[in-house]
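This is what each chain is made of:
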Amino acid sequence: MKLNCKLYYSLLISVFLFSCSSNDDSDYQLIPEVEEQYSGGQNGTTFNTSAEAFGFFSFSLTSDQQIDFGIGNSFFRQSWITAPATATARDGLGPFYNAISCAGCHFKDGRGRPPTFDGDLAKGLLLRLNIPQTDAHGGYLPDPVYGGQLQDIAIAGQTTQGNYTITYQYFNEVYADGTSIELRKPIYSIGQLGYGPLSASTQVSPRIANQMIGMGLLEAIPEATLLGLQDTNDADGDGISGKANYVFDVESQSVKMGRFGWKANQPSIKQQVAGAFAGDIGITSSIFPNENYPSNFSGTPAPNGGNPEITDETLDKVVLYSSSLSVPARRNYDNQNILAGKKIFKELQCVKCHIPKHTTSNNYAIAAFRNQVILPYTDLLLHDMGNGLADNAPDYLATGNEWRTPPLWGIGLIPTVNNHTFLLHDGRARSIEEAILWHGGEALNAKNSFKNLSLANRTKVLEFLKTL
(Lines give C-alpha, C1' and ligand atoms only; values in the text may rest on other atoms or scores of the structure.)
Protein backbone atom coordinates (compact mmCIF):
# COMPACT_ATOMS: atom_id res chain seq x y z
CA MET A 1 0.00 0.00 0.00
CA LYS A 2 1.41 3.41 -0.96
CA LEU A 3 1.49 6.21 1.64
CA ASN A 4 0.47 9.67 0.52
CA CYS A 5 3.69 11.76 0.39
CA LYS A 6 2.10 14.84 1.94
CA LEU A 7 0.72 12.73 4.84
CA TYR A 8 4.10 11.03 5.27
CA TYR A 9 5.98 14.31 5.62
CA SER A 10 3.33 15.71 7.96
CA LEU A 11 3.74 12.71 10.23
CA LEU A 12 7.53 12.98 10.06
CA ILE A 13 7.46 16.66 11.04
CA SER A 14 5.04 15.90 13.90
CA VAL A 15 7.31 13.21 15.29
CA PHE A 16 10.31 15.56 14.99
CA LEU A 17 8.50 18.38 16.79
CA PHE A 18 7.27 16.05 19.54
CA SER A 19 10.81 14.74 20.07
CA CYS A 20 12.17 18.26 20.36
CA SER A 21 9.46 19.38 22.77
CA SER A 22 9.98 16.27 24.92
CA ASN A 23 13.57 17.36 25.52
CA ASP A 24 12.64 20.98 26.18
CA ASP A 25 11.99 21.44 29.91
CA SER A 26 9.99 24.58 29.24
CA ASP A 27 7.36 22.66 27.27
CA TYR A 28 7.58 19.18 28.78
CA GLN A 29 4.58 18.44 30.97
CA LEU A 30 5.35 16.48 34.14
CA ILE A 31 2.61 14.15 35.34
CA PRO A 32 1.87 13.20 38.95
CA GLU A 33 1.77 9.56 39.95
CA VAL A 34 -1.59 7.87 40.31
CA GLU A 35 -3.10 8.75 43.71
CA GLU A 36 0.04 10.62 44.69
CA GLN A 37 -2.06 12.85 46.92
CA TYR A 38 -2.86 9.92 49.25
CA SER A 39 0.26 10.10 51.44
CA GLY A 40 -1.24 7.72 53.99
CA GLY A 41 -2.96 5.49 51.47
CA GLN A 42 -6.68 5.35 50.85
CA ASN A 43 -7.43 4.56 54.51
CA GLY A 44 -4.85 6.69 56.29
CA THR A 45 -5.07 10.08 54.59
CA THR A 46 -6.92 13.18 55.77
CA PHE A 47 -7.66 16.15 53.52
CA ASN A 48 -7.75 18.60 56.40
CA THR A 49 -4.96 21.21 56.20
CA SER A 50 -5.92 23.33 59.22
CA ALA A 51 -4.10 23.69 62.53
CA GLU A 52 -5.77 20.38 63.51
CA ALA A 53 -4.36 18.54 60.48
CA PHE A 54 -2.38 15.98 62.52
CA GLY A 55 -5.25 15.02 64.82
CA PHE A 56 -7.64 12.94 62.70
CA PHE A 57 -8.18 9.19 62.87
CA SER A 58 -8.66 6.90 59.91
CA PHE A 59 -12.36 6.74 59.10
CA SER A 60 -11.83 3.09 58.19
CA LEU A 61 -11.38 2.17 61.85
CA THR A 62 -14.10 0.01 63.30
CA SER A 63 -16.67 1.66 65.59
CA ASP A 64 -15.00 0.07 68.64
CA GLN A 65 -11.59 1.33 67.50
CA GLN A 66 -13.00 4.83 67.03
CA ILE A 67 -14.29 4.78 70.61
CA ASP A 68 -10.91 3.58 71.90
CA PHE A 69 -9.24 6.27 69.79
CA GLY A 70 -11.30 8.91 71.60
CA ILE A 71 -10.42 7.52 75.02
CA GLY A 72 -6.76 7.26 74.08
CA ASN A 73 -6.88 10.83 72.82
CA SER A 74 -8.16 12.05 76.20
CA PHE A 75 -5.31 10.34 78.07
CA PHE A 76 -2.85 11.70 75.52
CA ARG A 77 -4.01 15.31 75.81
CA GLN A 78 -5.09 15.76 79.42
CA SER A 79 -2.70 16.46 82.26
CA TRP A 80 -1.54 13.86 84.76
CA ILE A 81 -1.56 14.89 88.41
CA THR A 82 0.33 13.92 91.53
CA ALA A 83 -0.89 11.07 93.72
CA PRO A 84 -2.93 10.56 95.74
CA ALA A 85 -5.87 12.17 93.97
CA THR A 86 -9.56 11.52 93.49
CA ALA A 87 -8.92 11.16 89.74
CA THR A 88 -7.16 7.84 90.29
CA ALA A 89 -7.00 7.03 86.58
CA ARG A 90 -4.77 10.08 85.99
CA ASP A 91 -2.63 10.35 89.10
CA GLY A 92 0.98 9.32 89.66
CA LEU A 93 2.80 12.17 87.91
CA GLY A 94 6.55 12.16 88.51
CA PRO A 95 8.18 12.40 90.95
CA PHE A 96 10.55 13.62 88.21
CA TYR A 97 9.36 14.44 84.72
CA ASN A 98 9.68 16.63 81.62
CA ALA A 99 6.00 17.25 80.83
CA ILE A 100 2.60 16.70 82.47
CA SER A 101 1.00 15.22 79.37
CA CYS A 102 1.88 13.61 76.06
CA ALA A 103 0.48 16.69 74.32
CA GLY A 104 2.89 18.82 76.33
CA CYS A 105 5.62 17.60 73.96
CA HIS A 106 3.45 16.68 70.96
CA PHE A 107 1.19 19.75 70.84
CA LYS A 108 -1.75 19.00 68.54
CA ASP A 109 -0.02 15.68 67.77
CA GLY A 110 2.77 17.69 66.19
CA ARG A 111 6.42 18.45 66.63
CA GLY A 112 8.22 19.87 69.66
CA ARG A 113 10.69 22.72 69.67
CA PRO A 114 13.69 23.91 71.69
CA PRO A 115 13.50 26.97 73.95
CA THR A 116 13.53 30.16 71.91
CA PHE A 117 14.89 32.54 74.59
CA ASP A 118 16.56 32.43 78.01
CA GLY A 119 14.02 31.30 80.57
CA ASP A 120 11.71 29.76 77.98
CA LEU A 121 10.73 26.19 78.75
CA ALA A 122 11.37 23.56 76.14
CA LYS A 123 8.23 22.32 74.40
CA GLY A 124 9.26 18.78 73.59
CA LEU A 125 13.06 18.79 73.78
CA LEU A 126 14.78 16.51 76.30
CA LEU A 127 18.31 15.31 76.93
CA ARG A 128 19.07 11.60 76.78
CA LEU A 129 21.98 10.39 78.92
CA ASN A 130 24.14 7.29 78.55
CA ILE A 131 27.64 6.02 79.16
CA PRO A 132 29.80 4.05 76.69
CA GLN A 133 29.14 0.63 78.21
CA THR A 134 26.42 -1.81 77.20
CA ASP A 135 24.07 -4.18 78.94
CA ALA A 136 23.46 -7.82 78.05
CA HIS A 137 21.20 -6.83 75.14
CA GLY A 138 23.52 -4.29 73.56
CA GLY A 139 21.78 -1.22 74.94
CA TYR A 140 24.01 1.54 76.27
CA LEU A 141 23.82 2.02 80.02
CA PRO A 142 22.23 5.16 81.47
CA ASP A 143 24.04 7.74 83.56
CA PRO A 144 24.64 6.00 86.92
CA VAL A 145 23.04 8.84 88.90
CA TYR A 146 20.30 10.37 86.73
CA GLY A 147 19.31 7.49 84.51
CA GLY A 148 18.51 7.57 80.83
CA GLN A 149 17.36 11.17 80.56
CA LEU A 150 17.50 14.41 82.49
CA GLN A 151 14.07 15.08 84.02
CA ASP A 152 14.15 18.80 84.69
CA ILE A 153 10.88 19.17 86.62
CA ALA A 154 9.90 17.64 89.99
CA ILE A 155 6.66 17.46 91.95
CA ALA A 156 6.24 19.55 95.10
CA GLY A 157 8.57 18.49 97.90
CA GLN A 158 11.22 17.01 95.64
CA THR A 159 14.48 18.58 94.51
CA THR A 160 14.71 18.88 90.74
CA GLN A 161 17.36 16.82 88.99
CA GLY A 162 18.78 19.85 87.18
CA ASN A 163 18.30 22.02 84.14
CA TYR A 164 20.05 22.94 80.93
CA THR A 165 20.70 25.97 78.78
CA ILE A 166 21.45 26.25 75.08
CA THR A 167 23.81 28.65 73.36
CA TYR A 168 24.40 28.71 69.61
CA GLN A 169 27.43 29.01 67.38
CA TYR A 170 26.63 30.62 64.03
CA PHE A 171 28.32 30.19 60.66
CA ASN A 172 27.46 30.59 57.00
CA GLU A 173 27.02 27.95 54.31
CA VAL A 174 27.79 29.35 50.85
CA TYR A 175 26.04 28.24 47.65
CA ALA A 176 27.79 27.84 44.33
CA ASP A 177 26.11 31.04 43.09
CA GLY A 178 27.72 33.01 45.94
CA THR A 179 24.65 33.46 48.11
CA SER A 180 24.81 32.21 51.68
CA ILE A 181 22.59 31.12 54.53
CA GLU A 182 23.28 31.21 58.26
CA LEU A 183 23.30 27.94 60.21
CA ARG A 184 23.43 27.51 63.99
CA LYS A 185 24.93 24.76 66.11
CA PRO A 186 23.55 24.26 69.65
CA ILE A 187 25.83 23.89 72.67
CA TYR A 188 24.21 22.38 75.79
CA SER A 189 25.17 23.17 79.36
CA ILE A 190 23.66 21.12 82.19
CA GLY A 191 23.59 22.84 85.57
CA GLN A 192 22.04 23.04 89.04
CA LEU A 193 22.26 19.26 89.42
CA GLY A 194 20.40 18.25 92.53
CA TYR A 195 21.89 14.82 93.20
CA GLY A 196 25.57 15.11 92.39
CA PRO A 197 27.57 15.29 89.17
CA LEU A 198 26.97 13.33 86.01
CA SER A 199 29.43 10.57 85.25
CA ALA A 200 32.56 11.89 83.57
CA SER A 201 31.82 9.58 80.63
CA THR A 202 28.14 10.50 80.20
CA GLN A 203 27.16 11.35 76.65
CA VAL A 204 24.29 13.75 76.06
CA SER A 205 21.87 13.44 73.15
CA PRO A 206 19.13 16.04 72.64
CA ARG A 207 15.89 14.67 71.22
CA ILE A 208 12.91 16.63 69.89
CA ALA A 209 9.41 15.14 70.06
CA ASN A 210 8.33 14.31 66.53
CA GLN A 211 4.87 14.55 65.00
CA MET A 212 2.65 11.53 65.62
CA ILE A 213 1.04 11.04 62.21
CA GLY A 214 1.20 7.74 60.35
CA MET A 215 2.96 5.71 63.04
CA GLY A 216 0.74 2.68 62.55
CA LEU A 217 1.36 2.77 58.81
CA LEU A 218 5.11 2.82 59.42
CA GLU A 219 4.77 -0.12 61.79
CA ALA A 220 2.79 -1.94 59.08
CA ILE A 221 5.64 -1.82 56.53
CA PRO A 222 6.93 -5.40 56.29
CA GLU A 223 10.29 -5.89 57.99
CA ALA A 224 11.53 -7.75 54.92
CA THR A 225 10.89 -4.63 52.83
CA LEU A 226 13.05 -2.49 55.10
CA LEU A 227 15.81 -5.07 55.41
CA GLY A 228 15.87 -5.34 51.64
CA LEU A 229 16.87 -1.67 51.51
CA GLN A 230 20.02 -2.23 53.58
CA ASP A 231 23.41 -1.89 51.94
CA THR A 232 25.62 -1.98 55.01
CA ASN A 233 28.85 -2.38 53.03
CA ASP A 234 27.83 -0.03 50.20
CA ALA A 235 27.97 -2.86 47.69
CA ASP A 236 26.63 -0.64 44.89
CA GLY A 237 29.27 2.03 45.54
CA ASP A 238 26.86 4.96 45.71
CA GLY A 239 28.20 6.12 49.08
CA ILE A 240 24.94 5.28 50.86
CA SER A 241 24.68 2.25 53.11
CA GLY A 242 21.76 2.18 55.53
CA LYS A 243 21.38 -0.41 58.23
CA ALA A 244 18.72 -1.61 60.62
CA ASN A 245 19.02 -1.09 64.35
CA TYR A 246 18.32 -4.10 66.57
CA VAL A 247 17.00 -3.32 70.03
CA PHE A 248 15.55 -5.06 73.06
CA ASP A 249 11.81 -5.66 73.07
CA VAL A 250 10.72 -5.74 76.71
CA GLU A 251 7.39 -7.54 76.20
CA SER A 252 8.82 -10.46 74.24
CA GLN A 253 12.19 -10.37 76.04
CA SER A 254 13.94 -10.63 72.70
CA VAL A 255 15.94 -8.50 70.28
CA LYS A 256 13.94 -7.03 67.39
CA MET A 257 14.41 -4.54 64.60
CA GLY A 258 13.94 -0.95 65.75
CA ARG A 259 11.96 1.51 63.67
CA PHE A 260 10.81 4.32 66.00
CA GLY A 261 12.75 7.11 67.66
CA TRP A 262 15.52 9.28 66.24
CA LYS A 263 17.95 6.36 66.30
CA ALA A 264 15.36 3.64 65.68
CA ASN A 265 15.81 2.51 69.28
CA GLN A 266 12.24 1.32 69.82
CA PRO A 267 10.81 -1.83 68.22
CA SER A 268 7.12 -0.95 68.47
CA ILE A 269 4.67 1.87 69.02
CA LYS A 270 3.65 0.28 72.32
CA GLN A 271 7.16 0.33 73.74
CA GLN A 272 7.70 3.85 72.39
CA VAL A 273 4.53 5.04 74.19
CA ALA A 274 5.29 3.19 77.42
CA GLY A 275 8.84 4.52 77.40
CA ALA A 276 7.58 8.09 76.98
CA PHE A 277 5.13 7.66 79.86
CA ALA A 278 7.96 6.46 82.11
CA GLY A 279 10.70 8.83 81.03
CA ASP A 280 8.80 11.98 80.12
CA ILE A 281 5.89 11.98 82.59
CA GLY A 282 7.00 9.58 85.33
CA ILE A 283 4.06 7.19 84.81
CA THR A 284 4.78 3.50 85.35
CA SER A 285 3.30 0.70 83.28
CA SER A 286 3.53 -3.07 83.12
CA ILE A 287 6.29 -2.63 80.52
CA PHE A 288 8.30 -0.13 82.58
CA PRO A 289 7.11 -0.67 86.18
CA ASN A 290 9.83 1.20 88.11
CA GLU A 291 9.73 4.82 89.23
CA ASN A 292 12.70 6.95 88.19
CA TYR A 293 14.75 8.13 91.16
CA PRO A 294 18.35 9.36 91.04
CA SER A 295 20.68 6.81 92.59
CA ASN A 296 21.74 9.41 95.18
CA PHE A 297 18.14 10.11 96.19
CA SER A 298 17.78 10.07 99.98
CA GLY A 299 14.42 11.77 100.48
CA THR A 300 10.96 10.35 101.06
CA PRO A 301 9.63 8.53 97.99
CA ALA A 302 6.56 10.15 96.47
CA PRO A 303 3.20 8.37 96.65
CA ASN A 304 2.52 6.47 93.46
CA GLY A 305 -0.71 6.29 91.54
CA GLY A 306 -0.97 2.52 91.59
CA ASN A 307 1.12 -0.42 90.49
CA PRO A 308 1.30 0.29 87.63
CA GLU A 309 0.10 3.87 87.35
CA ILE A 310 -1.39 3.37 83.88
CA THR A 311 -3.36 0.18 83.37
CA ASP A 312 -2.77 -2.11 80.42
CA GLU A 313 -6.27 -1.29 79.14
CA THR A 314 -5.59 2.45 79.14
CA LEU A 315 -2.10 2.02 77.72
CA ASP A 316 -3.51 -0.02 74.84
CA LYS A 317 -5.99 2.76 74.05
CA VAL A 318 -3.21 5.36 73.96
CA VAL A 319 -1.24 3.01 71.69
CA LEU A 320 -4.27 2.63 69.40
CA TYR A 321 -4.60 6.41 69.32
CA SER A 322 -0.90 6.85 68.55
CA SER A 323 -1.12 4.23 65.80
CA SER A 324 -4.18 5.61 64.05
CA LEU A 325 -3.50 9.28 63.33
CA SER A 326 -3.97 9.95 59.63
CA VAL A 327 -1.45 11.64 57.36
CA PRO A 328 -2.39 14.92 55.65
CA ALA A 329 -2.86 14.66 51.91
CA ARG A 330 -0.44 16.29 49.48
CA ARG A 331 -1.26 19.83 48.38
CA ASN A 332 -0.61 21.13 44.85
CA TYR A 333 0.85 17.76 43.97
CA ASP A 334 0.00 18.24 40.28
CA ASN A 335 1.49 21.73 39.96
CA GLN A 336 4.26 21.84 37.33
CA ASN A 337 6.77 23.66 39.57
CA ILE A 338 6.07 21.18 42.39
CA LEU A 339 6.54 18.25 40.04
CA ALA A 340 9.76 19.81 38.78
CA GLY A 341 10.97 20.09 42.39
CA LYS A 342 10.08 16.43 42.94
CA LYS A 343 12.06 15.48 39.83
CA ILE A 344 15.11 17.44 41.03
CA PHE A 345 14.77 15.90 44.52
CA LYS A 346 15.04 12.49 42.87
CA GLU A 347 17.96 13.54 40.67
CA LEU A 348 19.82 14.76 43.77
CA GLN A 349 19.62 11.13 45.04
CA CYS A 350 17.66 12.21 48.13
CA VAL A 351 15.30 9.30 47.49
CA LYS A 352 18.12 6.84 48.23
CA CYS A 353 17.29 7.31 51.93
CA HIS A 354 13.96 9.14 51.80
CA ILE A 355 12.31 6.24 49.96
CA PRO A 356 9.04 7.73 48.67
CA LYS A 357 6.71 4.74 48.54
CA HIS A 358 5.97 1.55 50.48
CA THR A 359 3.15 -0.98 50.63
CA THR A 360 1.98 -2.11 54.05
CA SER A 361 1.59 -5.75 55.04
CA ASN A 362 -1.58 -7.80 54.73
CA ASN A 363 -1.63 -8.86 58.39
CA TYR A 364 -1.14 -5.68 60.43
CA ALA A 365 -3.15 -5.54 63.67
CA ILE A 366 -5.24 -2.58 62.46
CA ALA A 367 -7.08 -3.98 59.46
CA ALA A 368 -7.65 -0.52 57.95
CA PHE A 369 -3.91 -0.13 57.44
CA ARG A 370 -3.35 -3.38 55.59
CA ASN A 371 -2.30 -3.39 51.93
CA GLN A 372 -2.02 0.38 51.74
CA VAL A 373 0.27 2.18 49.29
CA ILE A 374 1.82 4.97 51.36
CA LEU A 375 4.32 7.75 50.65
CA PRO A 376 6.27 8.47 53.86
CA TYR A 377 9.65 9.29 52.24
CA THR A 378 11.75 7.16 54.59
CA ASP A 379 13.52 3.81 54.76
CA LEU A 380 13.47 3.76 58.62
CA LEU A 381 17.15 2.75 58.48
CA LEU A 382 20.19 4.26 60.14
CA HIS A 383 22.54 6.42 58.09
CA ASP A 384 25.80 8.18 58.92
CA MET A 385 24.94 11.86 58.70
CA GLY A 386 28.45 13.16 59.33
CA ASN A 387 30.24 14.85 62.20
CA GLY A 388 28.18 18.02 61.98
CA LEU A 389 25.03 16.30 63.24
CA ALA A 390 26.78 13.78 65.50
CA ASP A 391 25.75 13.60 69.15
CA ASN A 392 28.51 11.02 69.87
CA ALA A 393 25.93 8.99 71.82
CA PRO A 394 25.52 5.47 70.41
CA ASP A 395 22.18 3.69 70.81
CA TYR A 396 22.28 -0.11 70.34
CA LEU A 397 23.79 -0.48 66.82
CA ALA A 398 23.45 3.23 66.01
CA THR A 399 26.74 5.07 66.26
CA GLY A 400 27.08 8.65 67.42
CA ASN A 401 26.96 9.77 63.76
CA GLU A 402 23.97 7.67 62.73
CA TRP A 403 20.31 8.67 62.65
CA ARG A 404 17.15 7.05 61.38
CA THR A 405 15.82 8.60 58.18
CA PRO A 406 12.86 10.67 59.41
CA PRO A 407 9.62 10.41 57.41
CA LEU A 408 8.98 13.62 55.47
CA TRP A 409 5.19 13.38 55.28
CA GLY A 410 3.57 16.27 57.13
CA ILE A 411 6.73 18.43 57.10
CA GLY A 412 5.01 21.19 55.16
CA LEU A 413 2.22 21.56 57.73
CA ILE A 414 4.39 21.85 60.85
CA PRO A 415 4.25 25.67 60.66
CA THR A 416 0.44 25.53 60.44
CA VAL A 417 0.00 23.03 63.27
CA ASN A 418 2.84 24.03 65.60
CA ASN A 419 3.59 27.60 64.56
CA HIS A 420 7.31 26.98 64.08
CA THR A 421 9.73 25.57 61.51
CA PHE A 422 12.40 23.99 63.74
CA LEU A 423 13.70 20.72 62.30
CA LEU A 424 16.28 17.94 62.84
CA HIS A 425 16.73 15.91 66.02
CA ASP A 426 17.41 18.94 68.21
CA GLY A 427 15.53 21.71 66.40
CA ARG A 428 18.72 23.48 65.29
CA ALA A 429 17.45 23.95 61.73
CA ARG A 430 15.05 26.88 61.43
CA SER A 431 13.80 25.85 58.00
CA ILE A 432 13.77 22.97 55.56
CA GLU A 433 16.62 24.67 53.71
CA GLU A 434 18.81 24.75 56.83
CA ALA A 435 18.00 21.09 57.51
CA ILE A 436 19.24 20.12 54.04
CA LEU A 437 22.46 22.06 54.55
CA TRP A 438 23.19 20.16 57.77
CA HIS A 439 23.30 16.88 55.84
CA GLY A 440 26.71 15.25 55.75
CA GLY A 441 28.22 11.78 55.72
CA GLU A 442 26.23 9.58 53.37
CA ALA A 443 24.14 12.60 52.34
CA LEU A 444 27.07 14.93 51.62
CA ASN A 445 26.96 14.41 47.84
CA ALA A 446 23.22 15.15 47.77
CA LYS A 447 23.76 18.29 49.86
CA ASN A 448 26.56 19.51 47.61
CA SER A 449 24.43 18.88 44.54
CA PHE A 450 21.67 20.94 46.13
CA LYS A 451 24.18 23.74 46.77
CA ASN A 452 25.13 23.70 43.10
CA LEU A 453 21.57 24.25 41.92
CA SER A 454 20.35 27.59 40.69
CA LEU A 455 18.18 29.61 43.06
CA ALA A 456 15.15 28.80 40.92
CA ASN A 457 15.73 25.06 41.17
CA ARG A 458 16.52 25.18 44.90
CA THR A 459 13.23 26.96 45.36
CA LYS A 460 11.40 24.25 43.39
CA VAL A 461 12.87 21.53 45.67
CA LEU A 462 11.87 23.42 48.81
CA GLU A 463 8.38 24.12 47.53
CA PHE A 464 7.97 20.43 46.66
CA LEU A 465 8.97 19.42 50.20
CA LYS A 466 6.44 21.85 51.64
CA THR A 467 3.66 19.91 49.86
CA LEU A 468 4.51 16.67 51.69
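Quantities reported herein were computed from a predicted structural model and do not represent experimental measurements.

A. Broad picture of helix H11 (residues 455–465). Considered for burial, the residues of H11 that qualify are Arg458, Val461, Leu462, Phe464 and Leu465. The buried residues of H11 all sit within an arc of 160° when viewed along its axis, so they share a single face. Contact partners of the buried residues in H11: helix H7 (336–347), helix H9 (432–437) and helix H10 (444–451).

B. View of the side chain of glutamine 37. With respect to the helices, strands and loops of the structure, glutamine 37 is situated in the loop between helix H1 (5–22) and strand E1 (45–46). Setting aside its immediate chain neighbours within four residues, glutamine 37 contacts Thr45, Phe47, Ala329, Arg330 and Tyr333.

C. View of the sheet that holds strand E8 (residues 203–208). Spatially, E4-E3-E8 is the arrangement adopted by the three strands of the open sheet, whose pairing is antiparallel. Strands at the two margins of the open sheet, each flanked by one partner only, are strand E4 (149–150) and E8. Bridge analysis of strand E3 (residues 125–130) against E8 gives six bridges, and the strand direction is antiparallel. Opposite leucine 126, over in E8, you have arginine 207 as the bridge partner.

D. Inspection of the environment of asparagine 296 at higher detail. Position of asparagine 296 among the secondary structure elements: in the loop between helix H5 (269–281) and helix H6 (312–323). Since its relative accessible area comes to 43%, asparagine 296 is described here as partly exposed. Sequence spacing of asparagine 296 and proline 144 is 152 residues, and the spatial spacing of their C-alpha atoms is 9.4 Å. For asparagine 296, the contacting residues outside a window of four places in its chain are Val145, Tyr195 and Gly196.

E. A look at the packing of helix H2 (residues 63–77) against H6. One way to put it is that H2 packs onto H6 with a least axis distance of 7 Å and a crossing angle of 100°. Put simply, H2 runs roughly perpendicular to H6. Two secondary-structure elements touch here, H2 through Gln65, Asp68, Phe69, Ile71, Gly72, Asn73, Phe75, Phe76 and Arg77 and H6 through Thr314, Lys317, Val318, Leu320, Tyr321 and Ser322. For the contact of H2 with H6, the residue count by class is seven nonpolar, five polar and three charged.

F. Fine view of the side chain of threonine 45. Relative to the assigned elements, threonine 45 resides in strand E1. Polar side-chain contacts of threonine 45 include one of 2.8 Å to the backbone nitrogen of glycine 40. When near neighbours in sequence (up to four residues on either side) are disregarded, threonine 45 contacts Gln37, Tyr38, Ser39, Gly40, Ser326, Val327, Pro328 and Ala329.

G. Highlighting the state of the cysteines. Scanning all chains against the criterion turns up zero disulfides. Sulfur of cysteine 350: no disulfide; nearest cysteine sulfur belongs to cysteine 353 and is 8.7 Å away. Assessed through its relative accessible area of 12%, cysteine 353 is described here as buried.

H. Local environment of H10. Listing the buried residues of H10 in full gives Ala446, Lys447, Phe450 and Lys451. The buried residues of H10 all sit within an arc of 140° when viewed along its axis, so they share a single face. Those residues of H10 that are buried lie in contact with strand E6 (163–174), H9 and H11.

I. Region of the structure containing the pairing of strand E7 (residues 180–191). With twelve bridges connecting them, E6 and E7 associate as antiparallel partners. Residue pairing in the sheet places isoleucine 166 in a bridge with tyrosine 188 of E7. Counted along the chain from E6 to the antiparallel partner E7, the turn is five residues long, and its residue glycine 178 has a positive phi close to 95°.

J. Structural context of the pattern of salt bridges. This structure, assessed with the given rule, holds 24 salt bridges. A salt bridge links lysine 317 to aspartate 68; the nearest nitrogen and oxygen atoms lie 3.8 Å apart. Of this pair, lysine 317 sits in helix H6 while aspartate 68 is found in helix H2, placing the two residues 249 residues apart along the sequence. One salt bridge in this structure joins aspartate 109 and arginine 77, with 2.9 Å as the shortest N-O distance. Here aspartate 109, found in the loop between strand E2 (96–97) and E3, pairs with arginine 77, found in helix H2; they are 32 residues apart in sequence, far enough to count as distant. Accessibility expressed as a relative area gives 0% for aspartate 109, which makes it buried. We classify arginine 77 as partly exposed; its relative accessible area is 33%. Through salt bridges that share partners, Glu33, Glu36, Arg330, Lys342 and Lys357 make up one connected network.

K. Examining the environment of glycine 112 more closely. Along the chain, glycine 112 turns up in the loop between E2 and E3. For glycine 112, a relative accessible area of 1% gives the class buried. In sequence terms glycine 112 and tyrosine 146 are 34 residues apart; their C-alpha atoms lie 23 Å from each other. With residues near it in sequence (within four places) discarded, glycine 112 still touches Cys105, Lys123, Gly124, Ile208, Ala209 and His420.

L. The packing of aromatic side chains, seen in detail. All told, the structure shown has 19 aromatic pairs when counted by the stated rule. Arranged with centres 6.1 Å apart and planes meeting at 65°, the rings of tyrosine 175 and phenylalanine 450 form a pair that is edge-to-face. Taken together, the positions of tyrosine 175 in the loop between E6 and E7 and phenylalanine 450 in helix H10 put the pair 275 residues apart, joining distant regions of the chain. Given a relative accessible area of 5%, tyrosine 175 falls into the buried group. Judged by its relative accessible area of 1%, phenylalanine 450 falls in the buried class. Both rings, one in tyrosine 293 and one in phenylalanine 297, keep their centres 4.7 Å apart while their planes meet at 45°; by these two values the pair is tilted. On the accessibility criterion, tyrosine 293 (26% relative accessible area) is partly exposed. Its relative accessible area of 16% is what places phenylalanine 297 among the buried residues. Of the aromatic side chains, those joined through ring pairs into one cluster are Phe57, Phe59, Phe69, Phe76 and Tyr321.

Conventions adopted
Residues numbered from 1 in each chain as written. Predicted model: local features only at pLDDT ≥ 70, side-chain atom pairs only at ≥ 80, totals over all residues. Heavy atoms only, no water. Buried < 20%, exposed > 50% of the residue type's maximum accessible area, 1.4 Å probe, protein only. Helix = DSSP H or I, 4+ residues; strand = E, 2+ residues; numbered from the N terminus. Arc of directions from axis to C-beta. Contact = heavy atoms within 4.5 Å. Pairing = 2+ DSSP bridges. Axes fitted to C-alpha atoms, helices over the stretch in contact; angles between N-to-C directions. Parallel < 35°, antiparallel > 145°, perpendicular 65-115°, else oblique. Nonpolar A, V, L, I, M, F, W, Y, C, P; charged D, E, K, R; others polar. Polar contact = N/O pair within 3.5 Å; in protein donor to acceptor, adjacent residues only side chain to side chain. Disulfide = S-S within 2.5 Å. Salt bridge = Lys/Arg side-chain N within 4 Å of Asp/Glu carboxyl O. Phe/Tyr/Trp six-rings, centres within 6.5 Å; stacked < 30°, edge-to-face > 60°.

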